Amino acid sequence: MEEVAAGLLKVIIVQGKNLVIRDFTSSDPYVVVKVGNQSAKTKVINSCLNPVWNEELIFTVKEPLGILNLEVFDRDRFKSDDKMGHAFLDLQPLLSASKLKRALQLTSGETKLRKVAPDCDNCLLASSCITYVNGEIVMDACLRLCDVESGELYVTIKWIDHPSSAAAPVKKA
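Treat the numbers as computed from the prediction; the structure is a model and nothing was measured. Just so you know, the residues in each chain are numbered from 1, in the order the chain's sequence is written. The predicted nature of this model means local features are confined to residues of pLDDT at least 70 and side-chain atom pairs, given and counted, to a pLDDT of 80 or more, with totals for whole chains, interfaces and linings taken over all residues. As a convention, hydrogens and water are excluded, and side-chain values are obtained from all of the structure's heavy atoms.

> Give me the environment of Leu125: which residues, what numbers.
The way it works is that DSSP assigns letters per residue, a run of H or I at least four long becomes a helix, a run of E at least two long becomes a strand, and they are numbered from the N terminus. Along the chain, Leu125 falls in the loop between strand S8 (110–116) and strand S9 (128–133). As a C-alpha pair, Leu125 and Ala141 span 16 residues in sequence and 8.1 Å in three-dimensional space. We call two residues in contact when some of their heavy atoms are within 4.5 Å. Look past the residues within four positions of Leu125 in its chain and what remains in contact with it is Pro118, Cys142, Leu143, Arg144 and Glu152.

> Quick one: what's the story with the nonpolar core, residue by residue and with numbers?
Here the nonpolar core consists of buried residues drawn from Ala, Val, Leu, Ile, Met, Phe, Trp, Tyr and Cys, with membership extended through side-chain atoms lying within 4.5 Å. Throughout, exposure labels follow a simple rule: accessible area from a 1.4 Å probe, protein chains only, divided by the maximum for the residue type, with under 20% read as buried, over 50% as exposed, and the rest as partly exposed. Core analysis: the largest hydrophobic core is formed by 42 residues, its most contacted members being Leu9, Ile13, Val33, Leu68, Leu70, Leu143 and Leu153. With sequence-adjacent residues up to four places away left out, Leu153 is seen in contact with Ile13, Gln15, Gly16, Val31, Trp53, Leu70, Val72, Ala141, Cys142, Leu143 and Leu145.

> An account of the sheet that holds strand S4 (residues 38–41) is requested, with residue identities and associated values reported.
Two strands make a pair as long as DSSP finds a minimum of two bridges between them. In spatial order, the strands read S4-S3-S6-S7; together these four strands make up an open sheet with antiparallel pairing. With one partner strand each, in any of the chains shown, S4 and strand S7 (82–90) form the two edges of the open sheet. Between one strand axis and the next, the sheet turns through 20 degrees on average, direction left out of account. Two elements, strand S6 (residues 67–74) and S7, share seven bridges in a ladder whose sense is antiparallel. Bridge pairing in S7 places Leu70 opposite Ala87. To get an axis, a line is fitted to the C-alpha atoms, and for a helix only the part in contact is used. The angle between two axes follows their N-to-C directions and goes from 0 to 180 degrees.

Below you can see the structure in the form of structure tokens.
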């Protein structure tokens, strides 16, 4: 049986701040993003504790939306890569905002749909707004990295509903 796509999830890894040193004086960070059983990773930024990636990773997702998991690693040449912390964010508020967008019949412009506060379902450093902007549900988030001395990850998450309300089947590769 084919899976039904709910929409596209675009995860833009904007930047990292105050990442931990895992080599002698710096780190070579990259981010692994996981949504369900899909994963993708950013490029490595050499010798940088405040990397700017501005890299967009796209996932086709189906309901129910789960958790967005982000892991930061330091690339090492001669041994396994070092962990530099992880963060997570519940994607359910994005789906709720999408349903609200449909209920309000929004088709253009910009509308704030909801606010997400830091809690046990996310690693938010501060409250974040979910906004409808010209066809996309957008959330900018600053996430605190867990299980590490310091570090923040700035991400933008965009949700795009599947074009048909019935959500046509998507073939798995």
